[in-house]
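# Descriptive structure summary
Residues per chain are reported as follows:
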Number of protein chains: 4
Amino acid sequence: MALTVSKTPTGSEYKVKDISQAKFGRLEIELAETAILIETVTALGAEVRWCSCNIFSTQDHATAAIARDSAAVFVWKGESLEEYWRCMEKALDWGPGGGPDMVVDDGGDATLLIHEGVKAKEEYEKSGKFPDVNGCENGEFRIVLRIIKDGLLVDPTRYRRMKKRLVGVSEETTTGVKRLYQMQANGTLFFPAINVNDSVTKSKFDNLYGCQHSLLDGLMRATNVMIAGKIAVVCGYGDVGKGCAVALKQAGARVIVTEIDPICALQALMEGIPVLTLEDVVSEADIFVTTTGNKNIIMVHHMKLMKNNAIVCNIGHFDNEIDMHGLETYPGVKRITIKPQTDCWVFPETNNSIIVLAEGRLMNLGCATGHPSFVMSYSFTNQVIAQLELWKEKGTGKYEKTVYVLPKHLDEKVAALHLGKLGAKLIKLTPAQATYISVPVDGPYKPPQYKY
Amino acid sequence: MALTVSKTPTGSEYKVKDISQAKFGRLEIELAETAILIETVTALGAEVRWCSCNIFSTQDHATAAIARDSAAVFVWKGESLEEYWRCMEKALDWGPGGGPDMVVDDGGDATLLIHEGVKAKEEYEKSGKFPDVNGCENGEFRIVLRIIKDGLLVDPTRYRRMKKRLVGVSEETTTGVKRLYQMQANGTLFFPAINVNDSVTKSKFDNLYGCQHSLLDGLMRATNVMIAGKIAVVCGYGDVGKGCAVALKQAGARVIVTEIDPICALQALMEGIPVLTLEDVVSEADIFVTTTGNKNIIMVHHMKLMKNNAIVCNIGHFDNEIDMHGLETYPGVKRITIKPQTDCWVFPETNNSIIVLAEGRLMNLGCATGHPSFVMSYSFTNQVIAQLELWKEKGTGKYEKTVYVLPKHLDEKVAALHLGKLGAKLIKLTPAQATYISVPVDGPYKPPQYKY
Amino acid sequence: MALTVSKTPTGSEYKVKDISQAKFGRLEIELAETAILIETVTALGAEVRWCSCNIFSTQDHATAAIARDSAAVFVWKGESLEEYWRCMEKALDWGPGGGPDMVVDDGGDATLLIHEGVKAKEEYEKSGKFPDVNGCENGEFRIVLRIIKDGLLVDPTRYRRMKKRLVGVSEETTTGVKRLYQMQANGTLFFPAINVNDSVTKSKFDNLYGCQHSLLDGLMRATNVMIAGKIAVVCGYGDVGKGCAVALKQAGARVIVTEIDPICALQALMEGIPVLTLEDVVSEADIFVTTTGNKNIIMVHHMKLMKNNAIVCNIGHFDNEIDMHGLETYPGVKRITIKPQTDCWVFPETNNSIIVLAEGRLMNLGCATGHPSFVMSYSFTNQVIAQLELWKEKGTGKYEKTVYVLPKHLDEKVAALHLGKLGAKLIKLTPAQATYISVPVDGPYKPPQYKY
Amino acid sequence: MALTVSKTPTGSEYKVKDISQAKFGRLEIELAETAILIETVTALGAEVRWCSCNIFSTQDHATAAIARDSAAVFVWKGESLEEYWRCMEKALDWGPGGGPDMVVDDGGDATLLIHEGVKAKEEYEKSGKFPDVNGCENGEFRIVLRIIKDGLLVDPTRYRRMKKRLVGVSEETTTGVKRLYQMQANGTLFFPAINVNDSVTKSKFDNLYGCQHSLLDGLMRATNVMIAGKIAVVCGYGDVGKGCAVALKQAGARVIVTEIDPICALQALMEGIPVLTLEDVVSEADIFVTTTGNKNIIMVHHMKLMKNNAIVCNIGHFDNEIDMHGLETYPGVKRITIKPQTDCWVFPETNNSIIVLAEGRLMNLGCATGHPSFVMSYSFTNQVIAQLELWKEKGTGKYEKTVYVLPKHLDEKVAALHLGKLGAKLIKLTPAQATYISVPVDGPYKPPQYKY
């Protein structure tokens, strides 16, 4: 499968749903409160090529505007997985002699593709063999390997050139960061990485307040369900789970949390939320939300026990939080698509339906429009600061092939940049007060172990 | 303007957006929790003709399903006012020898049309004159008068037949009920009316919890604005205002209420919400919501003072809560439609925009899909019970040409019918306990003055 | 038993705990936000005699100050029931030729004593017999009858004089009002009564926000229990129950409600609170609160099933909401008084304790200091307005021997009087707006059936 | 000044308010949910001597029970500063040949006394001079120096013996920990210290949920103020400030936060709380709470501008958060003690009062009974675990003269130990899931930078 791309009058490549929506997209972008990452990076001088981090997350009209005005983009809502990875490959392809110099990642797929590409190339040089595409059990990874293989056949040095050129990556998700630390532990990471997810202004805001907003948005758009009076199970009580639990509780649901971590469990309890296992509540609850960042959280054997029209969705991580494979292959199960991203699945034994959102992928992206721009701006400001930092220190040796967190004063700066819009005024420490609590007058104000 | 209607294979008339959406509509209807008013009434034996109560409130796919399967419907999202009233006229037109026998009203427009029709007919018989259509200052009312006049020319006895045949109306909105009490006071009401709005299970649920849900839904879909951190002004702190204020507060906004009524004001204060005038906060707030049921709440001179991209919307009543006329006729103002029901209005002096939702009409209907079906079911159950009661007592003289509220035991019954779905179990009074508090064992449990 | 009273230098009678606490009491009274009912009535010209409405509710230092400065008071914290009723008798005793002219009642005990006194007198005149004191099964009522009998022996016309002179009563509790309506229904009420409890500014504020505050206060002072994380059962979801449920929920408890009324039950559900029976949860919950205004809510057979150190308390009504008699007479039960108003009761079978607050009486009065003065001021302003109204209309025939609610404009006035202290500003209706919604510009603003 | 102590029949020393309250104290201790630190340590084999960390924080009846049954205690509510430090000295005095081996500290005063004692001794050996007591400007520190000097005159090697013998300290407060890090930075710390404050199960629970509970408790007991409707300023939005802000907000106050740290400020904003400076709101607010851990937060020039009867209190740190010195020495100011720990201060210019709680010291300790036992149990379990760890590793060299945080698996253990009491059930990771997210099946489950 090849990706056919178009070009703007100025020669910028794109593949989007409908370039004629550019005007509408531009209007909406102008209303956005602060969070135009692509155009910020462009304004800072970068030449940007862009793809998505999720097959359902794109707003096609915004993409059209970006394609027309600012960057090469290869993305549309409702890509197949094959298309998704082809778009990623295309976004990384500056042609001979071109970039990328740096990667802004979200979920770690770009980082994965580059590292797997290099690995395949090196393996090929050693053994003369390409990866065993067909032998790969994981369907999505099979696609990745095939794309790498196809690419190497056309342009054998592509990933090697990237490896050589790349200054670093900044990554903003829990999931992507986890992969980076694994690569660091394995010694396979081959460029510096800034973990933007663990900036306080990211994880305690985007993950928490973003999901608090967009979970409800997704539920409302997809199902219009009355949340008040319902029983909702939130699997996981990390930052995302906390945001979801508080949103559901405030909307009038009775919330139950499942957890593995006793500290997070105790936090839920202190907020008046019972902590139980999925088995305890599976047949009583009306809404199930996975937020764990882990796999195999809600299995098909759970789904069979649910009430008719129970809603099942994931806002945590990949579509493997919910056992979509088990559901799709369940004997006799029937899928009725109500509308895109909202499917009824009917079990043959009971004729009971469950409603699965966004095919098990991130429901706030698939069923709504993701987080609001203002909270994304916190995350994107971290991304921009990280990119500037990596570029500034290129060649200085400050950053090694390992994972970094932004220093606290930059984290505080991200927050400070957003206070004015919300009408806030800070107090200044006096020198005597600063001395008394042993911090600089201008911060950073907290010790590293501080939890906020 | 004439309304061209289609017919189903079984001969049922309709005018909807796209009858081919019937299948999708039926799927969504099947997911609805309980609130299928039209099909309930049909199942009870009625022959139903239906139109909308709001030009933006229709979900066209659901309408298509109803048209195909159950009732004659004349409605689509985005009608002009002319079309709206033509649809209403059509819905009331059973042809010679036909109904309607009863009216289910929402906002009082059907009741208005019938009463104005009768009035025009009677005036004509007295004076030989039709209403002075062109002399009418109110644009919408001009349409009503013209339709009545046109109708009387074609079928002079149409409204007189209705008056004779109609058994009564049940009405579910604060606004519609206010009109009914005005007609009762004026002695012009010519059939019994059941005020369903003041059933506790309506006004304290639909108005409160419905708006608590659908205000956010409308804001999110129309603007995707981050509500956390914003300043929101809720004009009015009745049931609708209470629902809106709590929703915004829980979503992280700082809420300010405006009120005329000191009791409602004191309630807001006890909930931690400041009560100020619009003038005090107009230039600081980010979101404005009118919920008053009154007119001229947010005037164009207020809108001029608002911050850039302030959001202005109405969830209370007609589009005259917001001074749309003043805005539309403001010299040099520029309207930029972002998408249907979401308009930027740019003031020439400041180049500042405000964002007006649903053209000043009910934003939860215009920008989202209204209240969830479960809470609507409380209201619709009241409607059905009221219709059954009116029909049962037809000709018995129990109900005179005045406005009634459903008796408390029926109100309690509406609630009781919904408890099972939410897993609730009631306690039964013992006879000794019932005697002790002087109520029947089976209710009603509260004195008439009880406020819930 | 006779009540020995003292006299102030100016000759005012009193019986209080410790008159030397007057200075401390005065200091606290000066800090009170607005609610000095006795001294307001005194300042308006009344000669006041005062007793309590609850054996545990008195703050002895405040009483000392009142005794010293303003009124005859007969009350202390921790009266026996005998003492309680003797104080009431004393408070009603102006001596020959004296009052009372009017009664400010709270719970209806003064009204009861007067009515029972008159009844006994009339019975005696008819049959020559005094009430059968010893034949009375209810222990507290036995005391009432004995006091009446003793009193009639000393001063045979005492209650008849009261009946003749009394202009009316104003009553502020749900319980007292219930009695008044029962007397009205039976035709035994012999003076006009103003039901202040059903003023919106009373029942929706004192009952709700007062209990929301003072329930926590009572729990904290009596037990210092960590509420976060606990399971709390609130029996009854009227105004008091709503206040208690929200307080416990916000403090981090998981709240469960029991109800008989389906409408109140549905309200709880919409707020995310499950509605179950006591049996469902009796062995799991940590805290039990009765708020019903009914009797026999938590029985000793429930208490036996509770967890060790479960807390049981009543904030609704008399001590018969909790089966104190059953507990006290349970074979082998052991009572350990931790401190006044906080008792452990140990069941012999399990050696499990439960902790009962305020001996089953109102725990916010017994274990804390009742509601804050500011919210009491709403109630007391209603009382004062009612007293002024009764006195003004004395002899005009406006008020008959029946129960009245204050008109809405006075209710609105009560609210309006408290807005300034909280920094609120109201909007004024324009005449056009007032006409549009058919209300006077200055209110009242709502129809009678409005629920707030 | 010498401290006269008594002895129990078994020879244990004590100085408490009233040993006859031991029975009452024991009853209350038995009701405590889990948090009996002294008796836990005793049960583990320690010989314990105990004093307070705050002159107002003691519950005298509980102390009596401990004195009678378990440990040597030297403490009562309402000590003078002189008495406070004498008690501390006494608690550290095992006599010749005795301990202490380890210190459980809360606020760092014991650690301070020992370090200053050693410093004085070493200085004396060098220079032959004792500290210049009278030359010390800080009144409280003057007391410390005098006690040290007096002590060294009697027993010159006392602090040197302690230094030699002490295995380490565990410290549970933000303030105490700050001192430890300062000593570590200065190189003056002479034993290992475990920072228990930064255990997640301490700082995110005790500081947050403890204060959420006990702030209200203190306000209610001291003032019985109606919180609903009031404006409350919380100075600082760390863990303590967050707990206070949410408590006040839920109780119906309008909360305003002051902050120096932009991240904490942004958190407040996302929760709907405005962030302003004290100057902006000082004359409008009703309640002021300091939570900063810093000094000079509310100065006398602020207090002069406050509304009459504004409440000023501190729940953060020492009494220097509020400028008590400035207040006490303000020309013409008048202090009226309403009751212990509740003082009116009247400014001469305006005759306005402010109400200061607990003389500016921790109001939850001074005006109420501190945090509930259940949340303290989280902190105390950390203390016990830290003490066990220090003792176990005594002499192994594992811990150097520096500050440590408990490892995450112990933090998780503290949480796990409390889940059962709240009815919680955890899920177990499968090995596949654990591998997938790269954590051990039994935890710890989170990376070090995780914020909870």
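Residues numbered from 1 in each chain as written. Chains lettered and ligands numbered in written order. Predicted model: local features only at pLDDT ≥ 70, side-chain atom pairs only at ≥ 80, totals over all residues. Heavy atoms only, no water.

## Side note on the relation of the copies chain D and chain A
For clarity, the cut-off: Least-squares superposition aligns the copies on the C-alpha atoms of those residues with pLDDT at or above 70 in both. Should any heavy atoms of two residues lie within 4.5 Å, those residues are considered in contact.
Turning chain D through 180° and shifting it by 0.0 Å along the axis lays it on chain A, with an RMSD of 0.0 Å. The operation mapping one copy onto its partner corresponds to a two-fold rotation axis. Residue D:Lys451 of chain D places its C-alpha closer to the rotation axis than any other residue of that unit, at 2.3 Å. Taken as a fraction of all interface residues of chain D, those also at the interface in chain A reach 100%, which identifies the copy contact as same-surface.

## Considering the interface of chain D and chain A
Keep this limit in mind: Here the buried area means the combined drop in accessible surface, using a 1.4 Å probe, for two parts upon being joined, counting both sides. Salt bridge, as used here: a side-chain nitrogen of Lys or Arg that lies within 4 Å of a carboxyl oxygen of Asp or Glu. In protein, a polar contact means a hydrogen-donor-capable atom and an acceptor-capable atom, both N or O and within 3.5 Å, with residues adjacent in sequence counting only if both atoms are side-chain atoms; elsewhere, any N or O pair within 3.5 Å suffices. Only DSSP runs of H or I reaching four residues or more are called helices, and only runs of E reaching two or more are called strands; each is numbered from the N terminus. Polar here means any residue outside two lists: the nonpolar Ala, Val, Leu, Ile, Met, Phe, Trp, Tyr, Cys and Pro, and the charged Asp, Glu, Lys and Arg; Gly therefore counts as polar.
At the junction of the two partners, chain D supplies 67 residues and chain A supplies 67 residues. Overall, the association of chain D and chain A removes approximately 6200 Å² of surface from exposure, summing both partners, and the carbon and sulfur fraction of that is 63%. The tally of links between chain D and chain A comes to four salt bridges. Taking the shortest distance from any N to any O, the salt bridge between A:Lys446 and D:Asp261 comes out at 2.8 Å. Summed over the shared surface of chain D and chain A, the number is 26 residue pairs in polar contact (both at pLDDT 80 or more). Of all the elements in the fold, those that place two or more residues in the side of chain D that touches chain A are α8 (174–186), α9 (200–203), α11 (239–250), α12 (262–270), α13 (278–281), α17 (373–392), α18 (408–419) and α19 (431–436) of chain D. No other element matches α12(D), which puts eight residues into the side of chain D that touches chain A. A breakdown of the residues in the side of chain D that touches chain A according to their chemical character gives 33 nonpolar, 18 polar and 16 charged.

## Brief notes about the pattern of salt bridges
We count it as follows: Only protein chains enter the accessibility calculation, which uses a 1.4 Å probe; a residue is then buried when its area is under 20% of its type maximum, exposed when over 50%, and partly exposed in between.
This structure, assessed with the given rule, holds 132 salt bridges over all chains. Linking D:Asp109 and D:Arg179 is a salt bridge whose minimum nitrogen-to-oxygen distance equals 3.1 Å. Taken as a pair, D:Asp109 in helix α5 (residues 109–127) and D:Arg179 in helix α8 lie far apart in primary sequence, 70 residues in all. Given the relative accessible area of 6%, D:Asp109 is considered buried. Among the salt bridges present, the one from D:Glu389 reaches D:Lys392, with a minimum N-O distance of 3.9 Å. Residue D:Glu389 and its partner D:Lys392 are both found in helix α17; the two are separated by three residues, about one turn of the helix. When its relative accessible area of 10% is taken as the criterion, D:Glu389 is described as buried. Here the residues in one salt-bridge network are A:Glu82, A:Arg86, A:Glu89, A:Arg146, A:Asp150, A:Asp155, A:Arg158 and A:Arg161, joined through shared partners.

## Some remarks on the sheet that holds strand β5 (residues 102–105) of chain B
Residue and element names in this part refer to chain B. Heads up, the condition is: Any two strands are treated as partners once DSSP identifies two or more bridges connecting them. The angle between two axes is taken between their N-to-C directions and runs from 0 to 180 degrees, where each axis is a line fitted to C-alpha atoms and a helix contributes only its stretch in contact.
With parallel pairing, four strands are arranged side by side in an open sheet as β5-β6-β7-β15. At either margin of the open sheet sits one strand with a lone partner, and together these are β5 and β15 (403–405). Neighbour-to-neighbour, the strand axes of the sheet open up by a mean angle of 25°, direction not taken into account.

## Some thoughts on the relation of the copies chain C and chain D
The two copies are related by a screw motion: chain C maps onto chain D through a turn of 180° and a shift of 0.0 Å along the axis, at an RMSD of 0.0 Å. Of the interface residues in chain C, 100% have counterparts in chain D that sit at the interface too, so the contact is made through matching surfaces.

## Considering the interface of chain C and chain D
Facing 39 residues of chain C, the contacting portion of chain D comprises 39 residues. Across the chain C/chain D interface, buried area totals approximately 3200 Å², and carbon plus sulfur atoms make up 58% of it. One can count four salt bridges joining chain C with chain D. Ionic pairing is found between D:Lys339 and C:Glu28, a salt bridge with its closest N-O pair at 3.3 Å. The interface formed by chain C and chain D contains ten residue pairs in polar contact (both at pLDDT 80 or more). At the level of secondary structure, the elements contributing two or more residues to the side of chain C that touches chain D comprise α1 (22–31), α10 (206–223), β12 (334–339) and α17 (373–392) of chain C. Looking at the side of chain C that touches chain D, the element that brings in the most residues is α10(C), giving seven residues. Here the side of chain C that touches chain D is built from residues that sort into 18 nonpolar, eleven polar and ten charged.

## Points about the UniProt feature "domain: S-adenosyl-L-homocysteine hydrolase NAD binding" (unreviewed entry) in chain A
Here is the rule we go by: UniProt positions are given in the numbering used here, feature names are shortened, and annotations may be inferred rather than shown by experiment.
The UniProt record annotates "domain: S-adenosyl-L-homocysteine hydrolase NAD binding" (unreviewed entry) at residues 207–370 of chain A. The distance separating the terminal C-alpha atoms of residues 207–370 of chain A is 11 Å; by composition the span is 34% helix and 21% strand.

## Digging into the sheet that holds strand β3 (residues 49–51) of chain D
Residue and element names in this part refer to chain D. Taking strand neighbours across the sheet as the criterion, the four strands line up as β1-β2-β4-β3 in an open arrangement whose pairing is mixed. Lying at the two open borders of the sheet, with one neighbouring strand each, are β1 (6–7) and β3. Sheet strands touched by helix α4 (residues 81–91): β2 (13–15), β3 and β4 (72–74). Its angle to β3, the strand with the most contacts, is close to 165°.

## A word on helix α4 (residues 81–91) of chain C
Among the eleven residues in α4(C), nine count as buried, and that is most of the element. In this structure, the buried side of α4(C) is in contact with β2 (13–15), β3 (49–51), β4 (72–74), α5 (109–127), α6 (139–154) and α7 (158–165) of chain C.

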